[in-house]
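Observations on the three-dimensional arrangement
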Amino acid sequence: MSWKQAGVNFIRMAVLLVLVSMAAFFLVSVSPLDPLTTNVGQAALGSMSSEQIARLQEYWGVNTPPVTRYLAWAGDFLKGDMGISLLYRRPVAQVIGEKLANSLWIMAAGILSGLIGFLMGIIAGAKKGKTADRIISSYALVTASTPAFWVALVLLVVFAVWLKLLPIGLSVPIGVEASAVTMKDRLIHGILPAAALSVTGISNIALHTREKMAQVMESDYVLFARARGESETSIVLRHGLRNVLIPAMTLQFASISEIIGGSVLVEQVFSYPGLGQAAVSAGLGSDIPLLMGITMISAAMVFAGNFIADILYEIIDPRMRRDAK
């Protein structure tokens, strides 16, 4: 990828981030939720004086026009200041850093499931119509139609409630000081959320790769390779892998948004204090600074994934470099 093309891509990403921020801010502004009633409570508001309610309205920005609030937020964001979370009473960057650290390895498990699905798709496509293909295809079709939150509930009931092998939720043991929490504790508490996100992340790539691999194995040049005496393993590695890798990469990087969205549902099921649960809390509580910060970080991760995919395309397939030139 040339420097000129990279610059154009960065400009596109910047424009898209601006549009995403405007859309997110507009949706929050038209939300029917009243931040005072949601976070303070109707009973508590009824016992407050008009001065106290006015101070709360100023704190939550109820009477400030949406355009003024957006311009103020955008100006601070461009300076590197994401603002103060209205719910956590801490800097948004600090809250996102803590929540993202909890969610990253769950999301990494979702990305790893794409690699597993890619290998399963290669096996199924190379063995089309055989036992391995039927088993992999059946698994992929069932999990593709299964919501992530339902898988999370099943795993929770089976492994945490019935078998009592794993914790029922949260990211650390209950009643343990933060200084006493070990990495082992965090890993154990993250097994079920990561498994729930991974089970459903395998199917799409497995099915897509299977179809592409089956087409390659039925092509004329593979028939010619068999006539020359090449082994099936050699055909899969030399001809099949190269042809199915780029489409699988496209699907994998495009699914980053699905991984982030799936983590929101999974974290809610397990009460896992990650970025997804923070986004839900911020949305229900009208915490605009935190919600906007999470939106921008999530969008940047999706755009960065697509940008990395463009670079990898040219590394894997030299023909794309020649087309770019």
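The following paragraphs examine the structure supplied in this document. The residue count restarts for each chain, going from 1 along the sequence in the order it is written. It should be noted that, the model being predicted, local features are given only for residues of pLDDT at least 70 and side-chain atom pairs only at 80 or more, the latter also being counted only at that level, while totals for whole chains, interfaces and linings use all residues. Water and hydrogen atoms play no part in the side-chain values, which are based on all heavy atoms of the structure.

The secondary structure listing takes helices from DSSP runs of H or I that are at least 4 residues long and strands from runs of E that are at least 2 residues long, numbered from the N terminus. Counting its regular elements, the chain contains 16 helices and zero strands. Seen through its C-alpha atoms, the chain measures out along the principal axes to roughly 90 × 55 × 35 Å. Relative accessibility under 20% of the residue-type maximum defines a buried residue, over 50% an exposed one, and the middle range a partly exposed one, all with a 1.4 Å probe and only protein chains included. A total of 325 residues make up the chain; the buried ones form 38% of that total. Two residues form a contact once any of their heavy atoms are found within 4.5 Å. Within the chain, contacts between residues separated by at least 24 positions form 72% of all contacts whose residues are at least 6 apart in sequence. All accessible-area figures derive from a Shrake-Rupley calculation using a 1.4 Å probe, and residue coverage is judged against the displayed protein chains alone. In the structure as shown, the chain presents an accessible area of about 18,000 Å², 67% of it carried by carbon and sulfur atoms. Within the chain, one finds 25 positive and 21 negative side-chain charges whose respective centroids are separated by 8 Å. A positive count includes Lys and Arg, and a negative count includes Asp and Glu. His and the chain ends are not counted in either. Here the site of a charge means NZ on Lys, CZ on Arg, CG on Asp, or CD on Glu.

For the rest of this paragraph, the subject is the packing of aromatic side chains. Ring geometry is summarised as follows: Phe, Tyr and Trp rings, the Trp one being its six-membered ring, pair when their centres sit within 6.5 Å, and such pairs are stacked at plane angles under 30 degrees, edge-to-face over 60 and tilted between the two. Inspection of every chain in the model, using the stated rule, returns three aromatic pairs. Ring plane angle 70 degrees and centroid distance 5.4 Å describe the contact between Phe25 and Tyr70, whose orientation is recorded as edge-to-face. Taken together, the residues Phe25 in helix H1 (residues 3–29) and Tyr70 in helix H5 (residues 66–78) connect sequence positions 45 residues apart. With respect to class, Phe25 is no different from Tyr70; both count as buried.

The next thing to look at is the side chain of Ser203. Inspection of the secondary structure assignment puts Ser203 in helix H10 (residues 203–217). If near-sequence neighbours (up to four positions away) are discounted, Ser203 is found in contact with Ala140, Thr143 and Ala144.

Further remarks concern the packing of helix H6 (residues 92–126) against helix H13 (residues 256–270). Taken N-terminus to C-terminus, the directions of H6 and H13 make an angle of 125 degrees; their axes are 10 Å apart at the nearest point. In this view, H6 runs oblique relative to H13, as classed from their interaxial angle. Considering the relative orientation of H6 and H13, their crossing is right-handed. Of H13, the residues touching H6 (which contributes Ser103, Met107, Gly110 and Ile111) are Ile259, Ile260, Ser263 and Glu267. Lines fitted to the C-alpha atoms define the axes, with helices restricted to the stretch that makes contact. Angles between their N-to-C directions range from 0 to 180 degrees. Note on angle classes: values under 35 degrees are labelled roughly parallel, values over 145 roughly antiparallel, values of 65 to 115 roughly perpendicular, and the remainder oblique. Crossings are sorted by hand: turned counterclockwise from the far helix by less than a right angle, the near helix makes the crossing left-handed, and turned clockwise it makes it right-handed.

What follows covers the pattern of salt bridges. Criterion for a salt bridge: a side-chain nitrogen of Lys or Arg within 4 Å of a carboxyl oxygen of Asp or Glu. For the structure on display, the rule yields six salt bridges. Residue Glu211 pairs with Arg210 through a salt bridge whose shortest N-O separation is 2.6 Å. Arg238 is the salt-bridge partner of Glu230, the closest N and O atoms lying 3.6 Å from each other. Among the residues examined, Glu230 registers a relative accessible area of 16% and is labelled buried. A single salt-bridge network, built from bridges that share partners, covers Asp133, Arg210 and Glu211.

Moving on: the packing of H6 against helix H14 (residues 275–284). Following both chains from N to C, one finds H6 and H14 inclined at 135 degrees, their axes separated by 7 Å at the closest point. By the angle between their axes, H6 is oblique relative to H14. Touching Ile96, Lys99, Leu100 and Ser103 of H6 are Leu275, Gly276 and Ala278, all from H14. Note on residue categories: nonpolar means Ala, Val, Leu, Ile, Met, Phe, Trp, Tyr, Cys or Pro, charged means Asp, Glu, Lys or Arg, and polar means any other residue, Gly included. The residue inventory of the contact of H6 with H14, partitioned by class, reads four nonpolar, two polar and one charged.

Attention shifts here to the nonpolar core. Ranked by size, the top nonpolar core spans 28 residues in total, and within it Leu192, Ala196, Val266 and Phe270 carry the most contacts. Listing elements by their share of this core, those giving two or more residues are H6, helix H8 (148–162), helix H9 (183–201), helix H12 (232–254), H13 and helix H15 (288–316). With sequence-adjacent residues up to four places away left out, Ala196 is seen in contact with Val151, Ala152, Leu155, Val266 and Phe270. Counting 21 residues, the second-largest nonpolar core is a separate cluster that includes Val28, Met82, Ala278 and Ile288. Side-chain atoms within 4.5 Å link the members of a nonpolar core, which is a set of buried Ala, Val, Leu, Ile, Met, Phe, Trp, Tyr and Cys residues.

Before going further, it helps to spend a moment on a nonpolar patch on the surface. Residues qualify for a patch when their relative accessible area is over 30% and they have no salt bridge, like charges being joined within 9 Å and the nonpolar side chains of Val, Leu, Ile, Met, Phe, Trp and Tyr within 5 Å. Nonpolar side chains collect at one region of the surface, where Val157, Phe159, Val161, Trp162, Leu163, Leu165 and Ile168 lie side by side and expose about 700 Å² of accessible area between them. Counting through the fold element by element, Phe159 comes out in helix H8.

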